[in-house]
Amino acid sequence: MKSVDEHLAEILATVRPLAPLELELEQALGATLAEEVVSPVPLPPFDNSAMDGYAVRAVDVSEVPVTLPVTDDVAAGSQELRAVGPGHAVRIMTGAPMPAGADAVVPVEWTDGGTVTVQISRQVSAGNAIRRAGEDVQAGEVVLKPGTVIGPSQLGIIAGVGRRRIWARPRPRVVVISTGAELVEPGGPLAPGQIWDSNSFTLTAAVREAGGEGFRAGSVGDDPGVLLDRLDTHLMRADAIITSGGVSMGAYEPVKEALSPLGTVRFEKVAMQPGMPQGFGVLGEDQVPIFALPGNPVSSYVSFMLFVRPALDKMRGLPADMPQSVTARLTGPVRSPAGRRSFLRGVLASDGTVSPAHGQGSHQLAALASANALIVVAEDVTELPEGATVEVIRL
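In this text, all values refer to a predicted model and were calculated from it rather than measured experimentally.

Reading guide: rules and limits
Residues numbered from 1 in each chain as written. Predicted model: local features only at pLDDT ≥ 70, side-chain atom pairs only at ≥ 80, totals over all residues. Heavy atoms only, no water. Axes fitted to C-alpha atoms, helices over the stretch in contact; angles between N-to-C directions. Helix = DSSP H or I, 4+ residues; strand = E, 2+ residues; numbered from the N terminus. Parallel < 35°, antiparallel > 145°, perpendicular 65-115°, else oblique. Left-handed = near helix turned anticlockwise from the far one by under 90°. Contact = heavy atoms within 4.5 Å. Nonpolar A, V, L, I, M, F, W, Y, C, P; charged D, E, K, R; others polar. Core = buried A, V, L, I, M, F, W, Y, C linked by side-chain atoms within 4.5 Å. Buried < 20%, exposed > 50% of the residue type's maximum accessible area, 1.4 Å probe, protein only. Phe/Tyr/Trp six-rings, centres within 6.5 Å; stacked < 30°, edge-to-face > 60°. Lys NZ or Arg CZ within 6 Å of the ring centre and 35° of its normal. Pairing = 2+ DSSP bridges. Salt bridge = Lys/Arg side-chain N within 4 Å of Asp/Glu carboxyl O.

Chemist: Sorry, what's going on with the packing of helix α3 (residues 199-209) against helix α6 (residues 297-315) here?
Modeler: A pair of packed helices is characterised by two quantities: the angle between their axes and the separation of those axes. Interaxial distance between α3 and α6 falls to 10 Å at its minimum, and their mutual angle equals 25°. Judged by the angle between their axes, α3 and α6 are roughly parallel. Note that α3 runs across α6; the crossing there is right-handed. Contact residues: N199, T202, L203, A206, V207 and E209 in α3; P297, S300, Y301, F304, R309 and L312 in α6. Here the residues of the contact of α3 with α6 are counted per class, giving 7 nonpolar, 3 polar and 2 charged.

Chemist: Looking at this structure, I do not really get the nonpolar core. What am I missing?
Modeler: Note that soluble globular proteins tend to have their nonpolar side chains buried in a common cluster. Residues I242, M272, F291, F304, L306, F307 and F343 are the most contacted members of the largest nonpolar core, which totals 36 residues. Residue assignment for this core shows that the elements contributing at least two residues are α1 (4-14), β13 (173-179), α3, β17 (240-244), β21 (288-293), α6 and β26 (373-377). The residues contacting L306, other than those within four sequence positions of it, are L8, M272, M322, P323, F343 and I393. With 19 residues, the next largest nonpolar core counts V247, L259, V265 and F267 among its residues.

Chemist: Looking at this model, I keep getting lost on the environment of I150. Mind explaining?
Modeler: Inspection of the secondary structure puts I150 in the loop between β11 (142-144) and α2 (152-160). By relative accessible area, I150 is classed as buried at 1%. Sequence spacing of I150 and A168 is 18 residues, and the spatial spacing of their C-alpha atoms is 8.9 Å. The residues contacting I150, other than those within four sequence positions of it, are A28, L29, G30, A31, L33, L155, I158, I166 and A168.

Chemist: Where do I start with the packing of aromatic side chains in this structure?
Modeler: Aromatic ring pairs: the centre-centre distance and the angle between the two ring planes describe each pair. All chains considered together, the criterion is met by 1 aromatic pair. Between the aromatic rings of F280 and F291, the centroid separation amounts to 5.2 Å while the plane-to-plane angle is 45°, which identifies the pairing as tilted. Taken together, the positions of F280 in strand β20 (residues 277-283) and F291 in strand β21 put the pair 11 residues apart, joining distant regions of the chain. Assigned by exposure class, F280 and F291 land together as buried. Positioned over the ring face of W110 is R122, at 3.9 Å from the centre of the ring. It is R237 that lies over the ring of F215; its NZ or CZ is 4.3 Å from the centre.

Chemist: Looking at this model, I keep getting lost on the sheet that holds strand β8 (residues 104-107). Mind explaining?
Modeler: On the basis of which strands lie adjacent, the open sheet formed by 5 strands has the order β8-β5-β7-β6-β9 and mixed pairing. Edge positions in the sheet fall to β8 and β9 (117-120), since each of these pairs with one other strand and no more. Shown here is a sheet whose adjacent strand axes are inclined to one another by a mean of 40°, direction ignored. When strand β6 (residues 66-74) meets strand β7 (residues 89-92), the two strands line up parallel, connected through 4 bridges. Each bridged residue has a counterpart across the sheet, and for V74 the counterpart in β7 is I92.

Chemist: I would appreciate a short explanation of the sheet that holds strand β12 (residues 165-169) in the present structure.
Modeler: Pairing between the strands of a sheet is mediated by backbone hydrogen bonds and can be parallel or antiparallel. Spatially, the 3 strands line up as an open sheet ordered β1-β12-β2, and their pairing is antiparallel. Only two strands of the sheet have a single neighbouring strand rather than two, namely β1 (21-24) and β2 (32-33). As paired elements, β2 and β12 share 2 bridges and run antiparallel to each other. Looking at the pairing, T32 lines up with R169 of β12.

Chemist: Would you mind showing me how to read the pattern of salt bridges here?
Modeler: Any two side chains of opposite charge can pair, on the condition that their charged atoms come close. Per the counting criterion, the structure on display carries 18 salt bridges. Among the salt bridges present, the one from R82 reaches E80, with a minimum N-O distance of 3.4 Å. On the basis of relative accessibility, which here comes to 19%, the residue R82 falls in the buried class. Between R173 and D239 there is a salt bridge, and its shortest N-O distance comes to 3.2 Å. Taken together, the residues span a long stretch of sequence, with R173 in strand β13 and D239 in the loop between α4 (224-235) and β17 at a distance of 66 residues. Residue classification places R173 among the partly exposed residues on the basis of a relative accessible area of 34%.

Chemist: Can you walk me through the pairing of strand β24 (residues 341-348) in this structure?
Modeler: For a regular strand, side chains alternate in direction, first toward one face of the sheet and then toward the other. In terms of burial, β24 is a largely internal element, 7 of the 8 residues being buried. Both strand β19 (residues 272-273) and β24 contribute to a ladder of 2 bridges, which runs parallel. Its bridge partner being in β24, Q273 is matched across the sheet by S342. Across 5 bridges, the pairing between β24 and β26 is antiparallel. Note on β26: the bridge partner recorded for S342 is V377. Pairing of β24 with strand β25 (residues 353-356) involves 3 bridges; the strand directions are antiparallel.

Here it is in structure tokens:
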């Protein structure tokens, strides 16, 4: 059998980062920057008030209480030039440009809120409640570097420096297909021998959580021709394809039967539990990666975490490797088959302990749903006692 590390290495050697595109800001969430973002102007571009209040000369409020005449109002967005003379105040709003001559802002809470005159009850020093031009970003400064994932705050600074479009690697488009004649869409009635399809929902959600765009293409039965037609339909829209089921040694394995003759997809046994049967390769002229995962729900999800998610990271232009792990102490003993790396479901607690789930079968979806971690047991270890230190992958 092939090792987990060898299988992942083969996958990462095959997939390639997506080519950058010029994206509108509305399309850029979750994309990965492929250029430096530089501010053409200082931010803020001018001195402005950090609070609603009164622009004053600090020397005029050195002794309080004091009453000053209010000579003007300045609202945010004002383009008129204003000034504060000695012994006067200008009412000012948050974000409004500072009037010439003023060197401090008195918050409205420290005054009586007057509009003709204002009584000020507290002293302020020069610079109080003023946002200075360029205190956040200087003109010509790099605000974001290539390889940065664009989240809400990154979108904010891109817009804040005046950019409407950005060069970035888009989120990978991933089509998910379940296989099996026994599968029925949730919400429909079950006939004898049937089950509701959960894998396509789980894997599509996992794609989206991993930063891709997941497209659920439903399920197909056990006819390899129907699967090939479905793949052909979706190949043009996909940067990657995931199938679940149909990769084992049984008599009805549509994924293996459909793809093996193409010669571009390999089906192998990987020394792991759950998830031993694995398929991987490429399809079509564009060499679209396809991940043929096992059909048991836990096996398919664990396989996604170990193999598909790192591949999506590479496609996004991010560092790609085995999921990071932390160490924890077992609250109970565990067993593992010799020669396979086990990924047991468990609950990782804040005190650094991890409790094995009471259901380690590859079909036991409820146990997976209650878990928040995978307990990693090495290939040469068959059992570990309570209290042993283990590596744990967070889910």
